[in-house]
Amino acid sequence: MSAFDYDLFVIGAGSGGVRASRVAASYGARVAVAEEHRVGGTCVIRGCVPKKLLVYGAHFAEDLKDARHFGWDVPDCHFDWDRLRDNVLAEVTRLEGLYGQTLDNHKVMVFRSRATVVGPQKVRLADGQEISAERILIATGGWPFVPEFPGSEHAITSNEVFHLEKLPKRIVIAGGGYIANEFAGIFNEFGSKVTIVNRGDTILRGYDEQIRDRLLQISMTKGIDFKFNAPFQSIEKNDDGTLAVHLENCDAIIADAVMIATGRTPNTKGLGLEDAGVALDAHGAVKVDETNQSSVPSIYAVGDVTNRIQLTPVAIREGQAFADSVFGGKPTVVDYHNVPSAVFSHPPIGAVGMTEAEARNKLGSIRTYTSDFRAMKNVLAGRNERALYKMIVNAATDQVVGLHMIGPDAPEILQAAAVAVKAGLTKADFDATVALHPSMAEELVLLK
Ligand code: NDP
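Residues take numbers from 1 onward in each chain, read along the sequence in its written order. Given that this is a predicted model, residues contribute local features only at a pLDDT of at least 70 and side-chain atom pairs are listed and counted only at 80 or more, while totals for whole chains, interfaces and linings are drawn from all residues. In computing side-chain values, all of the structure's heavy atoms are included and hydrogens and water are not.

Caption draft 1: Quick look at the sheet that holds strand 19 (residues 366-373). Note: two strands are recorded as paired if DSSP finds a minimum of 2 bridges between them. Only DSSP runs of H or I with at least four residues qualify as helices, and only runs of E with at least two residues qualify as strands; both kinds are numbered from the N terminus onward. If you trace the five strands from one edge of the open sheet to the other, you get 17-18-21-20-19, paired in antiparallel fashion. At either end of the open sheet lies a strand with only one pairing partner, and these are strand 17 (341-343) and strand 19. Sheet twist, expressed as the mean angle between neighbouring strand axes with direction ignored, is 15°. As paired strands, strand 17 and strand 18 (residues 349-353) are joined by three bridges and run antiparallel to one another. Its bridge partner being in strand 18, Val343 is matched across the sheet by Ile349. The strands touched by helix 8 (residues 356-363) within the sheet are strand 18, strand 19, strand 20 (387-394) and strand 21 (400-406), with strand 19 carrying the most contacts at an inclination of about 170°. Only the stretch in contact is used when fitting a helix axis, every axis being a line fitted to C-alpha atoms; angles between N-to-C directions are given from 0 to 180 degrees. The contact rule is simple, with two residues in contact once any of their heavy atoms fall within 4.5 Å.

Caption draft 2: Seen up close, the packing of aromatic side chains. Stacked, tilted and edge-to-face are the three classes assigned to paired rings of Phe, Tyr and Trp, where Trp is represented by its six-membered ring and a pair needs centres within 6.5 Å; plane angles under 30 degrees give stacked, over 60 edge-to-face, the rest tilted. Taken as a whole and assessed by the stated rule, the structure comprises 12 aromatic pairs. Note on Phe183 and Phe187: the rings are 6.2 Å apart at their centroids and 40° apart in plane angle, and the pair reads as tilted. Here Phe187 and Phe183 lie together in helix 5 (residues 178-190), a separation of four residues that amounts to about one turn. Ring centres 5.8 Å apart and planes at 25° place the aromatic pair Phe226 and Phe228 in the stacked group. Accessible area is worked out with a 1.4 Å probe on protein chains only. A residue is then buried under 20% of its type maximum, exposed over 50%, and partly exposed in between. Residue classification places Phe228 among the partly exposed positions, given a relative accessible area of 26%.

Caption draft 3: Highlighting the packing of helix 1 (residues 15-26) against helix 7 (residues 312-327). Packing of helix 1 against helix 7 leaves a shortest axis separation of 7 Å and a crossing angle of 25°. Comparing the axis directions of helix 1 and helix 7 gives the class roughly parallel. Considering the relative orientation of helix 1 and helix 7, their crossing is right-handed. Contacts from Ser15, Gly16, Arg19, Ala20, Val23 and Ala24 of helix 1 reach helix 7 at Thr312, Ala315, Ile316, Gly319, Gln320, Phe322, Ala323, Asp324 and Phe327. For this scheme, ten residues count as nonpolar: Ala, Val, Leu, Ile, Met, Phe, Trp, Tyr, Cys and Pro. Four count as charged, namely Asp, Glu, Lys and Arg, and the remainder, Gly too, count as polar. Residues of the contact of helix 1 with helix 7, tallied by class, amount to eight nonpolar, five polar and two charged. Working rule for angles: under 35 degrees goes down as roughly parallel, over 145 as roughly antiparallel, 65 to 115 as roughly perpendicular, anything else as oblique. Here a crossing is taken to be left-handed if its near helix is turned anticlockwise relative to the far helix by less than a right angle, and right-handed if that turn runs clockwise.

Caption draft 4: Main features of the site of the ligand. Near the ligand lie 20 residues; those nearest to it are Gly176, Arg199, Arg205, Gln310 and Ala342. Gly176 places a polar main-chain atom, nitrogen or oxygen, 2.8 Å from an oxygen atom of the ligand. Counting of polar contacts relies on pairs of N or O atoms within 3.5 Å, with two restrictions inside protein: one atom must be capable of donating a hydrogen and the other of accepting it, and residues adjacent in sequence are counted only when both atoms are side-chain atoms. Ala342 is positioned with one of its backbone polar atoms (N or O) 2.8 Å from a nitrogen atom of the ligand. Coverage of the ligand by the protein chains reaches 76% of its 910 Å² of free accessible surface. Broken down by element, the residue count for the shell around the ligand peaks at three residues, all from helix 5. Put simply, a residue is near a molecule or strand once any heavy atom of it comes within 4 Å of that molecule or strand. Using a 1.4 Å probe, the Shrake-Rupley method yields the accessible areas, and only the shown protein chains count as cover for residues.

Caption draft 5: Expanded view of a nonpolar patch on the surface. Together, Phe70, Trp72 and Leu380 give the surface a local cluster of nonpolar side chains, amounting to about 370 Å² of exposed area. Its place among the elements puts Phe70 in the loop between helix 3 (48-69) and helix 4 (81-105). Like charges are joined within 9 Å and nonpolar side chains (Val, Leu, Ile, Met, Phe, Trp, Tyr) within 5 Å, but only among residues with over 30% relative accessible area and no salt bridge; these make up the patches. Salt bridges are defined as contacts in which a side-chain nitrogen from Lys or Arg sits within 4 Å of a carboxyl oxygen from Asp or Glu.

Caption draft 6: Quick look at the pairing of strand 6 (residues 130-138). The sheet contact formed by strand 1 (residues 6-11) and strand 6 spans five bridges and is parallel. Across the sheet, Tyr6 pairs through a bridge with Ala133, a residue of strand 6. Bridge count between strand 5 (residues 122-125) and strand 6: three bridges; the pairing is antiparallel. Paired with Val123 across the two strands is Ile131, which belongs to strand 6. The antiparallel hairpin formed by strand 5 and strand 6 contains four residues in its connecting segment, where Gly128 sits at a positive phi of about 95°. Of the strand pairs in this sheet, strand 6 and strand 16 (residues 299-301) are connected by three bridges, and their pairing is parallel. The residue bridging Ile136 from the neighbouring strand is Ile299, located in strand 16.

In structure tokens form, the structure reads like this:
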């Protein structure tokens, strides 16, 4: 008989926590997980999944207009936010149920409660119950970071955006990253007047410059306004319920909603980790080694709470690697090289590997290839929007070290192409592949 109530206690039933729980249980471990919000975590409940459904919903605005050029009689259509919102939230609830079922099927005990760490092998639930476990896994994810300024309480974050009672006629979005650009596209397609306000003068820092510039240019053409070098000063609520957004270096903007998308902070506040001896970094992230182990040997952490790469598939891999290593006798470390990523903007971006600037710094001698084209569908639709594909090649080895794309379905195409980049294939390998015609993806094997 074990001296502990459980072999593993997981705090947080998001992507990383659920994967770790069910895989550890499948190896025979006695597992419990505590979740204070809803099973599924950020990705399923208030992130990737509902966001992608809104992106699909938003894209109909363009598709319905384009359909006329393809011979369809499309009457003037009206968009009903309430219907889409409710359908999306119902789908989220369905998925939440499936996640719960997965845990039940693996005999994982689910405590629908906040849990805090009270010792290296002990947690406490909100009702005071203390539970011992041989190992504890912190998988509490992240939380939207809202900078401090007067009136910030009038703003929403990505947590609330899926529940808006009404579609805002005018929305100001703070930040120039993933969430800001994705929701700018969504609201713009729904007909809201969107203004992105950023503290710096670039969007999507970390992505290739040409791709970022292309998104900026297309977004502006679509009618999205951008204010750069304009940190928030305050938000004032007017008597009529509208919001006056005061910015540095810029006139005030009147809006119906303000959304803050200025990054996410690791969710470690009040978890009791420091008292248990777990080292945190300056941002509050749990410091872990490559085996996901914290400074306390019985406490591990995976996912956004470790602030390595804040992406769902990465958290899932970390959860899997943890369970395989600790309970499956298969020591595994996650490989963080060439992790593909996407921005579901309008149009979307897909990228893997080094940007041109990174490659120049790291490799010195590189070759770049670009294809700047109008997708066939856009030509017939009379849509002036151009896609841009960019390949970065190590001149010394001919190896493709980066692929960056903006255009229709770029993330779908990039996922497959990322296999080639991850496998270390060369430009000659791409050239040797016969094009699949007519497609947008064929541009990747026709780059000159
Ligand atoms: P990002 O890190 O992508 O962008 C944050 C933005 O906010 C940047 O423009 C940054 O400016 C700005 N900013 C940061 N701190 C401040 C501050 N104190 N005051 C004013 N502006 C500030 O964060 P998001 O919130 O958009 O998304 C959070 C994370 O969620 C992402 O990093 C990503 O990992 C994940 N995510 C992934 C998605 C996907 O895979 N498609 C979709 C949505 C989220 P600066 O550039 O100057 O630092």
